[in-house]
There are 2 protein chains.
Amino acid sequence: MKNENETFTIGKLAERAGVNVETVRFYERKGLIQKPQNSIGYRKYPNSDAAKIKFIKKTQELGFTLKEAKELLELRVNKAAKCSSVKNKTDLKIKEVAEKINDLQKIKNTLIKLSESCSNKDVSVTECPIIESFEEIK
Amino acid sequence: MKNENETFTIGKLAERAGVNVETVRFYERKGLIQKPQNSIGYRKYPNSDAAKIKFIKKTQELGFTLKEAKELLELRVNKAAKCSSVKNKTDLKIKEVAEKINDLQKIKNTLIKLSESCSNKDVSVTECPIIESFEEIK
DNA sequence: CTTTACTCCGTACCATTGTACGGGGTTTAT
DNA sequence: ATAAACCCCGTACAATGGTACGGAGTAAAG
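Scope of this entry: the structure provided in the associated data block. (Residues numbered from 1 in each chain as written. Chains lettered and ligands numbered in written order. Predicted model: local features only at pLDDT ≥ 70, side-chain atom pairs only at ≥ 80, totals over all residues. Heavy atoms only, no water.)

### Section: the protein's contact with DNA strand C
In step 1: Near DNA strand C, the surroundings consist of 19 residues, among which Gly 11 of chain A together with Thr 23, Tyr 42, Lys 57 and Gln 60 of chain B are the closest.
In step 2: Here DNA strand C approaches the protein such that, of its atoms within 4 Å, sugar and phosphate make up 62%.
In step 3: Measuring from a phosphate oxygen of DNA strand C, one finds a side-chain N or O atom of Gln 60 of chain B at 2.4 Å.
In step 4: Breaking the surface near DNA strand C down by element, the ones donating at least two residues are α1 (10-17) of chain A together with α2 (21-29) and α3 (48-61) of chain B.
In step 5: Looking at the surface near DNA strand C element by element, the count peaks at 5 residues for α2 of chain B. (Near = heavy atom within 4 Å. Polar contact = N/O pair within 3.5 Å; in protein donor to acceptor, adjacent residues only side chain to side chain. Helix = DSSP H or I, 4+ residues; strand = E, 2+ residues; numbered from the N terminus.)

Given below as C-alpha cells:
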C-alpha cells in the first residue's frame, strides 16, 4: 500500500511501458489514458497506466485497433454502467476473441503440417500451402 | 479440373475476394500477389489469388502486417528453397502464432470472468479489469 | 542559483495501408 | 460499329498510429 500510489512523470511512465513519450501523449489525446488533472504543471500518472499501455500494445499485436483497445479498456462495472449493457458488450468481445483464436489455430495447424512435411523426405511442392488454412475441407 | 484453371479479370477477382480493385493493384505493387504476365492487355488472375487475398485479410485481423503476411505466403518447399531454411522460418512463425493464441486466451479468460461477475449480483468495481489480463498472478 | 534534464504544447512530418481520380485503351453486348 | 462497362497506369489523397521539432516553462542536483 505504498508503491500502489506511486506516480510517474510522463518520461518514467513511457520508460516503464516501453514506449515513446510522444506515444503517451498521443494515447491521451485519443482518450485511451486519462490526462491526470491532479497536478498543475507536470502530469503525474498512476502506476496502473503502465500496465494499460502495455495492454494496448498487446492488443495491437493481436489485430485490434486503438478504438477497439479503448472499448476493451472501458469494459467494467461501476455505478455509471449498467451491468446488462457491460455484459452484452463483453460477450460480444468474447466472441470476437474466440474467433481470432480459432483462425490462429487454423494457421498454426497448417504451419505445423508444413514444418512436418519439411522434416520428412516427402517434400511438398504445393505452390502456397498457407492459403489452405481457410479453405473448407472437401 | 475445369474450374481449377479458370482465370479472372481484376474486377472479378476483387469481387470474389471482397476487396476493392485498387487493393488488388496495391498488393501487386507490394509483391503480395504476382502480376500475371501471361496476358498482354488485361491481367488474368488464377482463382487461387482470391483465397490468397482472403488469407491476407485474415492475417491482418490477427495482427500481422502486410510484410508478415508476405512472409507467411512465401513459406513453401520447392526446388529453389532449401527445406531446412523453410522449416526454420516456419517454426519461428509457429511460435509467434502460439504466443498470439496464448495472449488472446488470457484476454478471453479475463473477459469471461468479467462477464460472470456481471451476471452475479456481487458486482465488481475494479477500475479497469481488463488490464489484469497480462499481470502476473501474485 | 545556475545548469541540466525534464516537461508542456502545438504543429509538422512519417510509414503503412489503402482509395480515388482521370485520361486513355479494350472488350462485350446490342 | 457503337455504347457501356471494364481495365491500364500514374499520381494524388486519406485514415491510422505514431514520431519529431522547437520554443518556453519547471524541477532537481550540484
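That covers the picture; the talk isn't over yet.
### What to know about the interface of chain A and chain B
In step 1: The interface of chain A with chain B comprises 50 residues on the first partner and 50 residues on the second.
In step 2: Buried area between chain A and chain B, both sides added, is near 4,400 Å², and the carbon and sulfur share of it is 77%.
In step 3: The interface formed by chain A and chain B includes 2 salt bridges.
In step 4: For Asp 103 of chain B, the salt bridge identified is with Lys 58 of chain A, shortest N-O distance 3.1 Å. (Contact = heavy atoms within 4.5 Å. Buried area = accessible area lost by both parts, 1.4 Å probe. Salt bridge = Lys/Arg side-chain N within 4 Å of Asp/Glu carboxyl O.)

### A few points about the side chain of Ser 117 of chain A
In step 1: With respect to the helices and strands, the residue Ser 117 of chain A is situated in helix α5 (residues 83-119).
In step 2: Engagement of the side chain of Ser 117 of chain A in a polar contact is seen with the backbone oxygen of Leu 114 of chain A, the distance being 3.0 Å.

### Notes on the packing of aromatic side chains
The description of an aromatic ring pair uses the distance of the two centres, along with the angle that the planes make with each other.
In step 1: As enumerated under the stated definition, the model contains 4 aromatic pairs over all chains in all.
In step 2: An angle of 40 degrees between the planes, with centres 5.9 Å apart, marks the rings of Phe 134 of chain A and Phe 55 of chain B as tilted. Highlighted residues: Phe 134 of chain A in the segment after α5 and Phe 55 of chain B in helix α3, drawn from two different chains.
In step 3: The class for Phe 55 of chain B is buried, based on a relative accessible area of 1%.
In step 4: Their ring planes at 50 degrees and their centres at 6.2 Å tell us that Phe 26 of chain B and Tyr 27 of chain B sit as a pair that is tilted.
In step 5: Residue Phe 26 of chain B is classed as partly exposed on the basis of its relative accessible area of 31%.
In step 6: Of the residues examined, Tyr 27 of chain B reaches a relative accessible area of 2% and is grouped as buried.
In step 7: Between Lys 100 of chain B and the ring centre of Phe 64 of chain B, over which it is positioned, the NZ or CZ distance is 4.4 Å. (Phe/Tyr/Trp six-rings, centres within 6.5 Å; stacked < 30°, edge-to-face > 60°. Buried < 20%, exposed > 50% of the residue type's maximum accessible area, 1.4 Å probe, protein only. Lys NZ or Arg CZ within 6 Å of the ring centre and 35° of its normal.)

### Here we look at the relation of the copies chain A and chain B
In step 1: The operation relating chain A to chain B is a screw motion whose rotation component is 180 degrees, with 0.0 Å of axial translation and a residual RMSD of 0.0 Å. What we have between these two chains is a two-fold relation. Of every C-alpha in chain A, the one belonging to Gly 63 of chain A sits nearest the axis of rotation, 1.8 Å from it.
In step 2: The residues that chain A uses at the interface reappear at the interface of chain B in 100% of cases, marking a shared surface. (Least-squares fit on C-alpha atoms with pLDDT ≥ 70 in both.)

### Some points on the protein's contact with DNA strand D
In step 1: Looking at DNA strand D, there are 19 residues lining it, with Thr 23, Tyr 42, Lys 57 and Gln 60 of chain A together with Thr 9 of chain B nearest.
In step 2: In DNA strand D, atoms within 4 Å of the protein come 65% from sugar and phosphate.
In step 3: Measuring from a phosphate oxygen of DNA strand D, one finds a side-chain N or O atom of Gln 60 of chain A at 2.5 Å.
In step 4: Within the backbone of Arg 43 of chain B, one N or O atom sits 2.9 Å away from a phosphate oxygen of DNA strand D.
In step 5: Listing elements by their share of the surface near DNA strand D, those giving two or more residues are α2 (21-29) and α3 (48-61) of chain A together with α1 (10-17) of chain B.

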